[in-house]
Amino acid sequence: MLPSEEKIVTLPRLLSKVEEWRAQGQKIVFTNGCFDIVHMGHVDYLERARLLGDKLVIGLNTDQSVSRIKGPSRPLQDEMSRIRVMASFWFTDAIVLFDQETPLELIEAVGPDILVKGDDYALENIVGHDVVLARGGAVKTIPLVKGYSTSQVVRKILGDQQC
């Protein structure tokens, strides 16, 4: 098994890893997303998220949940491609698929010390913020790199020069 493949876990395996990390006194950071076409904005965001703690756990939307959220033409890449790419990054410590439209159940199960989203979210609109804060954790936003979004990349690929 390749090192990146070892980071791809089921929920029970993730919870076991989180328990081990906590026993070692490590701080768990959690974020989530579709990560359909990974670009520099994603890399910057995720690297900054990882630097907030000791371990970064990523919840990745399944193909079905991406389609429900973003429409029938998405995702552009299947979940196995997306999860493998995301697992290959140094800053990813564990990555798990979730099929719900929001990561609330996953956040409740993991109980991260720090919940992170981009600064395009207001704190009160971040799913799970109340759960994390009630457990004594923190919720943080990270500035997004201007000019980088999957939608912009798709428009550029399709030839819309007004990106």
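Residues numbered from 1 in each chain as written. Predicted model: local features only at pLDDT ≥ 70, side-chain atom pairs only at ≥ 80, totals over all residues. Heavy atoms only, no water.

**As for the UniProt feature "domain: Cytidyltransferase-like" (unreviewed entry) in the chain**
Under the feature "domain: Cytidyltransferase-like" (unreviewed entry), the UniProt entry names residues 30-129. Counted over residues 30-129, helix gives 36% and strand 21%. Its end C-alpha atoms are 11 Å apart. (UniProt positions renumbered as here; feature names shortened; annotations may be inferred. Helix = DSSP H or I, 4+ residues; strand = E, 2+ residues; numbered from the N terminus.)

**Concerning the packing of aromatic side chains**
For the structure shown, the criterion picks out two aromatic pairs. Measuring from ring centre to ring centre gives 5.0 Å for Phe89 and Phe91, while their planes differ by 20 degrees; the resulting arrangement is stacked. Taking 5.7 Å as the distance between ring centres and 70 degrees as the angle between the ring planes, the aromatic pair formed by Trp90 and Phe91 counts as edge-to-face. In this structure Phe91 comes out as buried when scored by relative accessible area, which is 1%. Counting every residue linked through ring pairs, the aromatic cluster contains Phe89, Trp90 and Phe91. (Phe/Tyr/Trp six-rings, centres within 6.5 Å; stacked < 30°, edge-to-face > 60°. Buried < 20%, exposed > 50% of the residue type's maximum accessible area, 1.4 Å probe, protein only.)

**Topic: helix 5 (residues 79-87)**
Buried residues of helix 5: Arg82, Ile83, Met86 and Ala87, and no others. Viewed end-on, helix 5 has its buried residues packed into an arc of 125 degrees, placing them on one side of the element. Contact partners of the buried residues in helix 5: helix 1 (3-6), helix 3 (40-50), strand 2 (55-61), helix 4 (63-70) and strand 3 (94-98). (Arc of directions from axis to C-beta. Contact = heavy atoms within 4.5 Å.)

**Things to note about the sheet that holds strand 4 (residues 114-118)**
One open sheet accounts for five strands, arranged 3-2-1-4-5; its pairing is parallel. Each edge of the open sheet is held by one strand with a lone partner, namely strand 3 and strand 5 (138-142). Strand-to-strand twist in this sheet, taken as the mean axis angle between neighbours without regard to direction, amounts to 25 degrees. Examined bridge by bridge, strand 1 (residues 28-33) and strand 4 share two bridges and lie parallel to one another. Residue pairing in the sheet places Val29 in a bridge with Ile114 of strand 4. Contacting strand 1, strand 2, strand 4 and strand 5, helix 3 crosses the sheet at an angle of about 140 degrees to strand 2. (Pairing = 2+ DSSP bridges. Axes fitted to C-alpha atoms, helices over the stretch in contact; angles between N-to-C directions.)

**Examining the side chain of Lys55**
Tracing the backbone through its elements, the reader meets Lys55 in strand 2. Buried and unpaired, Lys55 has no salt bridge, with Asp93 as the nearest side chain of opposite charge at 4.0 Å. The contacts of Lys55, once residues within four sequence positions are left out, are Trp21, Gln26, Lys27, Ile28, Val29, Arg50 and Asp93. (Lys, Arg positive; Asp, Glu negative; His and termini not counted. Salt bridge = Lys/Arg side-chain N within 4 Å of Asp/Glu carboxyl O.)

**Digging into the pattern of salt bridges**
For the structure on display, the rule yields nine salt bridges. Put simply, Arg48 and Asp44 hold a salt bridge, and the shortest N to O gap is 2.9 Å. Of this pair, Arg48 and Asp44 both sit in helix 3, separated by four residues, roughly a single helical turn. Overall, the relative accessible area of 45% leaves Arg48 in the partly exposed class. Residue classification places Asp44 among the buried residues on the basis of a relative accessible area of 18%. Taken together, the shared-partner salt bridges in this structure form one network comprising Arg68, Asp99 and Glu101.

**Concerning the side chain of Arg50**
Of note, Arg50 is situated in helix 3. What makes Arg50 buried here is its relative accessible area of 16%. Only 2.8 Å separates the side chain of Arg50 from the side chain of Asp93, close enough to count as a polar contact. Residues contacting Arg50, with those up to four places away along its chain left out, are Lys55, Leu56, Trp90, Phe91 and Asp93. (Polar contact = N/O pair within 3.5 Å; in protein donor to acceptor, adjacent residues only side chain to side chain.)

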